[in-house]
Amino acid sequence: MREYIDAAAFKEMILCADAALQANIQAINDLNVFPVPDGDTGTNMGLTIQNAAAELRKRDFDTVAAAADCVASAMLRGARGNSGVILSLLFRGISKRLKGMDTAGAADFTAAMNDGVEAAYKAVMKPAEGTILTVSRLASAAAGKAAKGGADLEAALVAGIDAGDVALDDTMNQNPVLKKAGVIDAGGKGYMVILKAILASLRGEVIAAAAAAPAPEKKPVFTAENVFVPEVNIFDTVYVVRKKDPNVNLLPLRMYLDSIGDSLVINEDDEIFKVHVHTDIPGKALAESQKYGDLDVAKIENMRLQALDMIGGKTPNSTDSLADVEKELEAQEDMGDPQPEEPEEAEPEKEYGVVAVCAGAGLETLFKDLGVDQVVTGGQTMNPSTDDILRAVKATPASTVFVFPNNKNIIMAAEQCAPLTQKHVIVMPTKTVPQGISAMLNFAPDEPEASLVGAMGEAIGKVHTAMVTYAARDSDFGGHAIRAGEYLALLDGALVGSYTNLKTLFKELTWAFDDYHPEFITVYYGEDVTEAEANAASETISGNFPDAEVSVVEGGQPVYYYMISVE
């Protein structure tokens, strides 16, 4: 029975927690009640802890403090969505308590758990019970109480898990929405998956996947000398894929390609990724990669036939379409995949700068035309990490940088940037893109900071936002029986209704605008909507509000067919 955990044990515990959470992402996502397609809890928590696991695998640590600090830093930068930020705060508190310690016993570790809970509660503006906060608080308190009573680390964690399970079940009673849907809180579930994996690792019941599952035996790498050896991978495969999502995680693809080939190199930026791999089944490599984007260009060469041609004195056949790409990839093959460099902070050229988060070419152009310095691609279904936002902040040549998250699930991630840069960061709490646009229309860089914040805040408060999207799952929400695929209308985050046709939807949605006596209405239409369809929707709205100024703008946003600003 382990009395203390050292650096190696802590590292193993987090790696096991990461594996457990990845295996439960879909089950956690399925607990999300609201049927709108979004960046779900399991996905956000999974990406956050995965960032820590990736950093842990790169090196070993001498002390538990060093390992905990690595985890906290990686989670902070990789945090996505509110659930990911809260998870990172729980581990930041753990790291602070363990600072300077070589090992940690029951009293130390459970006190660190409670410090993490305190850090998370402080960061949330209006903590709600029946969430991950409740579950982590009651679990940590029970573990700490057990440790103070003389329990060893294992027994203390058992006590915490028992209390956490009870708290998780009770979230259904604390939140009316969860109770109606008959589900427990998704974030709390994710926390308990992590805590149980930590205990299982401590007991030696599980070990990290890399150690538990030895890599398949590799074929020998192709050379001219082993041209006739049948076990060699013979197809030199190089290709470029345009990403569907700039934040896509390529680790599963990397693991798959590594299992079917060798000499693997993957290089990526926000828009594309480039692959070089030797394999006998290039078609499967291409097919798997197209799950992550659109195949742009590819080159496949049979190295065995090329070698035989050379042996016979012939000039081997080749294709040059990707010569430059291949040179770039092969130049990096010996040094492994490049890691993104820590960006230098742009020297201030002005007092104020702006970073905005949005998705859609039209919206990005609009924000830049309004004076935004940096646009971070993200929003519903693809929450950017704290590090994504931080890089944009650092690249902005200003002393003070305003950040418009434009999504309520990105605000907390943006707020974590403040202590990570020398720039003064002000996060404006924009919950929708139209709010961010309205704030930028009131951005007057010659004004003092307080006046500027006040004017933009007032503008944000005057904007009501309607969203038109589709139901991602069957649901019974707010008295509405919703079926997957139906059109959904939302107003300021509240569900107006679900519909089988857009004509009825717009009729009822405009009725909901009546209370606001709108003067200005702007219809931003998405990537799946034609200009003619957008104009027809605009005419429906104009018919109900003849005195309002109604505009139509191509936003190009995914997920939402329409975003409508009402002022």
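Conventions used here
- Once a new chain begins, its residue numbering starts again from 1 and follows that chain's sequence as written.
- Note on the predicted model: pLDDT of at least 70 is required for a residue's local features to be given, and 80 or more for side-chain atom pairs to be given and counted; whole-chain, interface and lining totals, by contrast, use all residues.
- With hydrogens and water excluded, all non-hydrogen atoms of the structure serve as input to the side-chain values.
- The criterion for an aromatic pair is that two Phe, Tyr or Trp rings (for Trp, the six-membered ring) have centres within 6.5 Å, with stacked assigned to planes under 30 degrees apart, edge-to-face to planes over 60 apart and tilted to the rest.
- A run of H or I in DSSP becomes a helix once it reaches four residues, and a run of E becomes a strand once it reaches two; helices and strands are each numbered from the N terminus.
- To sort residues, take the accessible area from a 1.4 Å probe on protein chains only and compare it with the maximum for the residue type: under 20% means buried, over 50% means exposed, and anything in between is partly exposed.
- We call a set of buried residues a nonpolar core when its members are Ala, Val, Leu, Ile, Met, Phe, Trp, Tyr or Cys and they connect through side-chain atoms within 4.5 Å of each other.
- When checking whether two residues touch, look at their non-hydrogen atoms; a contact exists if any pair is within 4.5 Å.
- Any Lys or Arg side-chain nitrogen found within 4 Å of a carboxyl oxygen on Asp or Glu counts as a salt bridge.
- Criterion used throughout: strands pair if DSSP finds at least two bridges between them.
- To obtain each axis, a line is fitted to C-alpha atoms, and for helices this fit is confined to the stretch in contact; angles are then taken between N-to-C directions over 0 to 180 degrees.

## Structural notes on the packing of aromatic side chains
Any two aromatic rings considered together are summarised by their centre-to-centre distance and by the angle between their planes.
Reasoning step 1: Following the criterion strictly, the structure yields six aromatic pairs and no others.
Reasoning step 2: Arranged with centres 5.7 Å apart and planes meeting at 55 degrees, the rings of Y352 and F402 form a pair that is tilted. Residue Y352 is found in strand β5 (residues 350–358), and its partner F402 is found in strand β7 (residues 398–404); the two are separated by 50 residues along the sequence. In terms of burial, Y352 and F402 fall into one category: buried.
Reasoning step 3: Taken together, a centroid distance of 5.1 Å and an interplanar angle of 80 degrees make the contact between F506 and Y562 edge-to-face.

## Description of the nonpolar core
Where a protein is soluble and globular, its nonpolar side chains tend to be buried together.
Reasoning step 1: With 87 residues, the main nonpolar core has I5, F10, L98, L157, Y191 and V403 as its most contacted residues.
Reasoning step 2: Take this core: its biggest share by element is ten residues, from helix α10 (residues 186–203).
Reasoning step 3: Those residues in contact with L98 that sit more than four places away from it in its chain are F10, V64, A65, A68, A104, D108 and A112.

## Quick notes on the pattern of salt bridges
Reasoning step 1: The full count for this structure, using the stated rule, is 16 salt bridges.
Reasoning step 2: A salt bridge links E288 to K291; its shortest N-O distance comes to 3.0 Å.
Reasoning step 3: Linked by salt bridges that have partners in common, R77, D387 and R391 make up one network.

## What about the sheet that holds strand β8 (residues 424–427)?
Hydrogen bonds along the backbone pair up the strands of a sheet, which may run parallel or antiparallel.
Reasoning step 1: Within the open sheet, the four strands sit side by side as β6-β5-β7-β8. Their pairing is parallel. The sheet terminates laterally at β6 (374–377) and β8, the two strands that pair on one side only. Going across the sheet, the axis of each strand differs from the next one's by a mean of 20 degrees, ignoring polarity.
Reasoning step 2: When β5 meets β6, the two strands line up parallel, connected through four bridges. What sits directly across from A356, in β6, is V375.
Reasoning step 3: Across the sheet, helix α16 (residues 361–369) touches β5 and β6, and the angle it forms with β5 is around 170 degrees.

## Some remarks on the environment of K408
Reasoning step 1: As for its position among the elements, K408 is in the loop between β7 and α18 (411–415).
Reasoning step 2: Each C-alpha atom, one on K408 and one on G493, is 9.7 Å from the other, the two residues being 85 residues apart in sequence.
Reasoning step 3: Excluding residues within four positions of it along the chain, K408 makes contact with N82 and K431.

## Quick look at the pairing of strand β3 (residues 272–279)
Reasoning step 1: Across the eight residues of β3, eight count as buried, placing the element largely inside the fold.
Reasoning step 2: Because side chains alternate across β3, one face comprises the buried residues I272, K274, H276 and H278, and the other comprises F273, V275, V277 and T279, equally buried.
Reasoning step 3: As judged from the eight bridges shared by strand β1 (residues 235–243) and β3, these two strands associate in the antiparallel manner. Its bridge partner being in β3, V238 is matched across the sheet by H276.
Reasoning step 4: With six bridges connecting them, strand β2 (residues 261–268) and β3 associate as antiparallel partners. Residue pairing in the sheet places D262 in a bridge with H278 of β3.
Reasoning step 5: Turn length for the β2-β3 hairpin, with the two strands adjacent in sequence and antiparallel, is three residues.

## Looking at the environment of N51
Reasoning step 1: Residue placement: N51 occurs in helix α3 (residues 41–56).
Reasoning step 2: Looking at N51, the relative accessible area reads 30%, which means it is partly exposed.
Reasoning step 3: Here the alpha-carbon distance between N51 and S73, two residues 22 residues apart in the chain, equals 9.6 Å.
Reasoning step 4: In this view, N51 contacts A74, R77 and G78; residues no more than four positions away in its chain are not counted.

## A look at the sheet that holds strand β12 (residues 487–491)
Reasoning step 1: Read from one edge of the open sheet, six strands run β13-β12-β9-β16-β14-β15, paired in mixed fashion. Only two strands of the sheet have a single neighbouring strand rather than two, namely β13 (494–499) and β15 (549–554). On average, each strand axis in the sheet is tilted by 15 degrees relative to the strand beside it, whichever way the strands run.
Reasoning step 2: As defined by bridge partners, strand β14 (residues 520–525) adjoins β15 across six bridges and the pair is classed as parallel. If you follow Y525 over to β15, its bridge partner there is E554.

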